[in-house]
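If you want the building blocks of each chain, they are given just below.
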Amino acid sequence: MSWLSILDDYTFQNVVMGAALLGIISGALGSFAVLRGQSLLGDAISHAALPGVCLGFIVAGSRHMGSIIVGAMMTGGLAALLMLALTRLSRLKTDAALGTCLSLFFAIGVVLLTYIQGTGNASQGGLDAFLFGQAAATLRSDVWFMGGITLVALTVLAALWKQAKLVTFDAEFARTLGMPVTLIDVMLTTMITLAVVVGLQMVGVVLMAAMVVAPAVAARQWSRHLGGMVVIAAGVGVVSGVTGATISTLGRGLATGPLIVLSASAIVLVSLALAPGRGILWESLRLVRQRWTLHKHQILYVLYQTRLEQEESERSPWLGRSAFTAFALYRLKRQGLLTAFRPEAAAGKPARQWRLTPEGVREAKQVTAMFHAA
Amino acid sequence: MLVGAMVGIASSLLGTFLVLRGNSMLSDAISHSIVLGIVVVWMLTHHQSGPVQLVGAALTGLLTVFLTELLASSRRMKQDAAIGLVFPALFSIGVLLLNVYAHDVHIDTHTVLLGEIGFVWLDTVSVLGYHVPQALVSMSIMLTLNLLFIALFFKELKLSTFDPALAKALGFAPGVMFYALLMLTSSTAVAAFDAVGAVLFIAFAIVPPAAAYLLTDRLWLMLVLGAVISVAASISGYFIAVHWDVSIGGTMAMMTGAFLLLAFIAGPRYGVVSQRLRRQRARGLADVSESALY
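Only a predicted model underlies this, so the values are computations on that prediction, with no experimental measurement involved. (Residues numbered from 1 in each chain as written. Chains lettered and ligands numbered in written order. Predicted model: local features only at pLDDT ≥ 70, side-chain atom pairs only at ≥ 80, totals over all residues. Heavy atoms only, no water.)

Draft legend 1. The overall build of chain A, seen in detail. Counting its regular elements, chain A contains 15 helices and 2 strands. For chain A, buried positions account for 49% of its 374 residues. Per element, the accessible surface of chain A, about 17,400 Å² overall, is 65% carbon and sulfur. (Helix = DSSP H or I, 4+ residues; strand = E, 2+ residues; numbered from the N terminus. Buried < 20%, exposed > 50% of the residue type's maximum accessible area, 1.4 Å probe, protein only. Areas by Shrake-Rupley, 256 points an atom, 1.4 Å probe, with all protein chains shown as cover.)

Draft legend 2. Up close: the overall build of chain B. For chain B, the count of helices and strands is 12 helices and 2 strands. Going from the N terminus to the C terminus, chain B shows its helices and strands as α-α-α-α-α-β-β-α-α-α-α-α-α-α. Relative to its 294 residues, chain B shows a buried fraction of 54%. Considering only intrachain contacts with a sequence separation of at least 6, the fraction spanning at least 24 residues in chain B is 69%. (Contact = heavy atoms within 4.5 Å.)

Draft legend 3. Spatial organisation of the packing of helix α10 (residues 181–222) of chain A against helix α4 (residues 79–101) of chain B. Two elements in contact, α10(A) and α4(B), have axes whose closest approach is 8 Å; the angle formed by their N-to-C orientations is 125°. Of the possible angle classes, the one that applies to α10(A) and α4(B) is oblique. Once α10(A) is placed against α4(B), the crossing between them reads as left-handed. Between α10(A), through A:Val206, A:Leu207, A:Ala209, A:Ala210, A:Val213, A:Ala214 and A:Val217, and α4(B), the contact on the second element is made entirely by B:Ala81, B:Gly84, B:Leu85, B:Phe87, B:Pro88, B:Phe91 and B:Ser92. For the contact of α10(A) with α4(B), the class distribution of residues is 12 nonpolar, 2 polar and no charged. (Axes fitted to C-alpha atoms, helices over the stretch in contact; angles between N-to-C directions. Parallel < 35°, antiparallel > 145°, perpendicular 65-115°, else oblique. Left-handed = near helix turned anticlockwise from the far one by under 90°. Nonpolar A, V, L, I, M, F, W, Y, C, P; charged D, E, K, R; others polar.)

Draft legend 4. Main features of the packing of helix α8 (residues 161–169) of chain A against helix α11 (residues 226–250) of chain A. Residues and elements named next belong to chain A. Remark: α8 packs on α11, axes separated minimally by 12 Å, with the N-to-C direction vectors making an angle of 100°. What the angle tells us is that α8 and α11 run roughly perpendicular. Between α8, through Trp161, Lys165 and Phe169, and α11, the contact on the second element is made entirely by Leu226, Gly227 and Val230.

Draft legend 5. The arrangement of helix α2 (residues 10–35) of chain A in detail. All names here are of chain A. Look at α2: 38 Å from first C-alpha to last across 26 residues, which is about the 38 Å you get at 1.5 Å a residue. Along its length, α2 shows its largest kink, about 25°, at Leu29. Buried residues dominate α2, accounting for 20 of its 26 residues. Backbone geometry just downstream of α2 places Gly37 in the positive-phi region, at approximately 70°. (Expected span 1.5 Å × (residues − 1). Bend = angle between axes of the 7 residues up to and from the residue.)

Draft legend 6. Seen up close, the packing of aromatic side chains. Residue and element names in this part refer to chain A. Tallying each qualifying case throughout the model produces 1 aromatic pair over all chains. Between Phe32 and Trp161, the ring centres sit 6.2 Å apart and the planes meet at 85°, which makes this aromatic pair edge-to-face. Residue Phe32 is found in helix α2, and its partner Trp161 is found in helix α8; the two are separated by 129 residues along the sequence. Since its relative accessible area comes to 0%, Phe32 is described here as buried. Residue Trp161 is classed as partly exposed on the basis of its relative accessible area of 26%. (Phe/Tyr/Trp six-rings, centres within 6.5 Å; stacked < 30°, edge-to-face > 60°.)

Draft legend 7. Molecular detail of the environment of B:Gly61. Residues and elements named next belong to chain B. Mapped onto the elements of the fold, Gly61 is located in helix α3 (residues 51–73). Distance in space between the C-alpha atoms of Gly61 and Met255 is 27 Å, their sequence separation being 194 residues. Among all residues touching Gly61, those that are not within four sequence positions of it are Ile30, Ile34 and Ser186.

Draft legend 8. Focus on the side chain of A:Ser271. All names here are of chain A. Residue placement: Ser271 occurs in helix α12 (residues 256–274). Given a relative accessible area of 1%, Ser271 falls into the buried group. In this structure the side chain of Ser271 is engaged in a polar contact, spanning 3.0 Å, whose partner is the side chain of Trp222. Excluding residues that lie within four positions of it along the chain, Ser271 makes contacts with Ala218, Gln221, Trp222 and Gly279. (Polar contact = N/O pair within 3.5 Å; in protein donor to acceptor, adjacent residues only side chain to side chain.)

Draft legend 9. Molecular detail of the side chain of A:Ser46. In this fold, A:Ser46 is placed in helix α3 (residues 41–60). Setting aside residues no more than four positions away along its own chain, A:Ser46 makes contact with A:Val196, A:Leu200, A:Val205 and A:Met208.

Draft legend 10. Quick look at the state of the cysteines. Taken as a whole and judged by the stated rule, the model has 0 disulfides over all chains. Free of any disulfide, A:Cys54 has its nearest neighbouring cysteine sulfur in A:Cys101, separated by 18 Å. (Disulfide = S-S within 2.5 Å.)

Draft legend 11. Examining the nonpolar core more closely. With 124 residues, the main nonpolar core has A:Leu29, A:Leu92, A:Val203, A:Val217, B:Met77, B:Leu85 and B:Leu260 as its most contacted residues. The leading source of residues in this core is α10(A), at 27 residues. Among all residues touching B:Leu85, those that are not within four sequence positions of it are A:Val213, A:Ala214, A:Val217, A:Val268, B:Leu71 and B:Met77. Grouped together as the second largest cluster of nonpolar side chains are 15 residues, A:Ala328, A:Leu332, A:Leu338 and A:Ala364 included. (Core = buried A, V, L, I, M, F, W, Y, C linked by side-chain atoms within 4.5 Å.)

Draft legend 12. Focus on the confidence of the model for chain B. Residues and elements named next belong to chain B. Chain-level statistics for chain B give a pLDDT mean of 68 and a share of 48% at 70 or above. Per-element confidence in chain B ranges from a low mean pLDDT of 47 for strand β1 (residues 124–127) to a high of 78 for α4. In this model residues 116–122 is a low-confidence stretch, pLDDT under 50, and it forms 15 contacts with partners more than four residues away in sequence or in other chains. Taken over the whole predicted complex, pTM reads 0.73, whereas the ipTM for its chain interfaces reads 0.75. (pLDDT = per-residue confidence, 0-100.)

Draft legend 13. View of α4(B). With 23 residues, α4(B) extends 33 Å between its outermost C-alpha atoms, agreeing within 8% with the 33 Å of an ideal straight helix rising 1.5 Å per residue. Among the 23 residues in α4(B), 19 count as buried, and that is most of the element.

Draft legend 14. Up close: a nonpolar patch on the surface. All names here are of chain A. On the surface, Trp222, Val270, Leu274, Leu281, Trp282 and Leu285 cluster together into a nonpolar patch covering about 570 Å² of accessible area. For the nonpolar patch, the secondary structure elements donating two or more residues are α12 and α13 (280–309). The element contributing the most residues to the nonpolar patch is α13, with 3 residues. Residue class for Leu285 comes out partly exposed when judged on its relative accessible area of 40%. (Patch = residues over 30% accessible without salt bridge, like charges linked within 9 Å, V, L, I, M, F, W, Y side chains within 5 Å. Salt bridge = Lys/Arg side-chain N within 4 Å of Asp/Glu carboxyl O.)

Draft legend 15. Spotlight on the environment of B:Val39. Residues and elements named next belong to chain B. In this structure, Val39 sits in helix α2 (residues 24–45). The exposure class of Val39 is buried, given its relative accessible area of 2%. For Val39 and Ala57, which are 18 residues apart along the polypeptide, the C-alpha to C-alpha distance reads 8.9 Å. Among all residues touching Val39, those that are not within four sequence positions of it are Gly94, Leu97 and Leu98.

Draft legend 16. Structural context of the environment of B:Ile265. Here B:Ile265 is to be found in helix α11 (residues 248–266). Each C-alpha atom, one on B:Ile265 and one on B:Leu181, is 31 Å from the other, the two residues being 84 residues apart in sequence.

The following block contains the structure:
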């Protein structure tokens, strides 16, 4: 397929729009999940949605998007509640409770899935698409549906913005202000569930975990404000969704879900490396600069001290002969703080000697004062 | 049924330590990302099972953990976010490779997630003249390995689980212990793959130990109870599955959950009911002592 003709392709349009919507909703709500330390909640909920999908199917008798979503919401929410109950009322830690809910609900889902297969309902096809996601099966009606849910979720988020922010960063303070913290907690979790359920059909149960986490982590690199982070995360979600969908249409039968996830992961890697301020590249640059400054100060200090001790002496102090030191000396000379001269020594090969220039002396005085103050 | 029980024992033994260390979700991550290892090894050697496969997959498991620790130690995200990033990425690569190179392999994506314990009888090898299901052989090897590991290093494991700092001070290398444990976890996950699939492996690795943890404070008793619970779950799950004609692995995992709920509600010391009773009794005592004051 050529680049232009795929834009006209109806399936492609559906997939790309769906992927973009998924990116928006999972990016925006995923930011909250990641900041609240609930990154793996998305994973647990997406697995727990499976029995709901099956139940919805059994009740509706066909692959009806509405009933499946309702079912998935119900079991996903139930799993979240059970998880809360396990951590609050027993001595299990969060990770064990998460793993427990995830695997149990998924097991129930598998059992229901085989039960449905056993009943021989002809319209069961496409049901297991929820496991791995089948973006190509996205219908125009599904896109409208996802668009509606995204709109609702974003509206609720905008309406509850202040409260959500406060509960995320300082739940205790919010409580003292008399905010219904638990209610807002439940609202946020519900909306994360909603995002997960919407994404199930596109990228599947397993990969939904990444769609919640990856855009948020990438966005965290670029912004220090919640608002910026949410917007950027949504943007990252859209970019990775569209990229993944496009590659999968152009490539030969590559699954869409994994491609979307890999695009998102690539963005995360780039963000980790490059983002200004928090990027790894910037941090190493900063480290190198710090080391360089320290070294320069050391050299100036040593030269100055020797100068004080033996005025007009011919012997310059011993300086390390490492490449780093040589480079540092060269740079100091370029800055006009040092001069080099070669004494007419009798013995063998004379070493280069270094002497402070008047500017160098001034600078070295400051450094010395700084060292002594510290 | 026998295979299920063995999967249960083997994985719950290792799972005990993961649950105690607060690393349960690592088993989730590992069990997903070993798909990549399985596919890569298949592409290189065209072996679907056997020791090469186990080692390859175990290495992928280690890679997962290593990458997770790397991301978390960059202090730019929490460990759970790192887990949530690493394993879907590795899993995606695995699925894509399957897509491209392995259209007609038996490891299709469904068995990977779900497994079908009912089919293990079809895949037999002959050992000493008997036809034995392959899964049974690989599981018994893994079970023996795990038992040996725990028996040999019980003291070291115990110490590095409960007090890593002290273990390090005594020169026990808790890091090595940790990676050895995870190596075994991923090997067991591979061996358990055909039988129960990735997700239900997690059920066996986490839920029985969690249930046992609600029942006892003693490590060895927790190991034994975890094993007993998984055996009981396998047996009861098998009969329920046959009765309703549904996925056997699924019902087995569901039964582990039933036992967990039982422990959660009715456990003698940490169960909800006994906690409530104790609280009421304490309140009763408080009332008595209060009335005695006046």
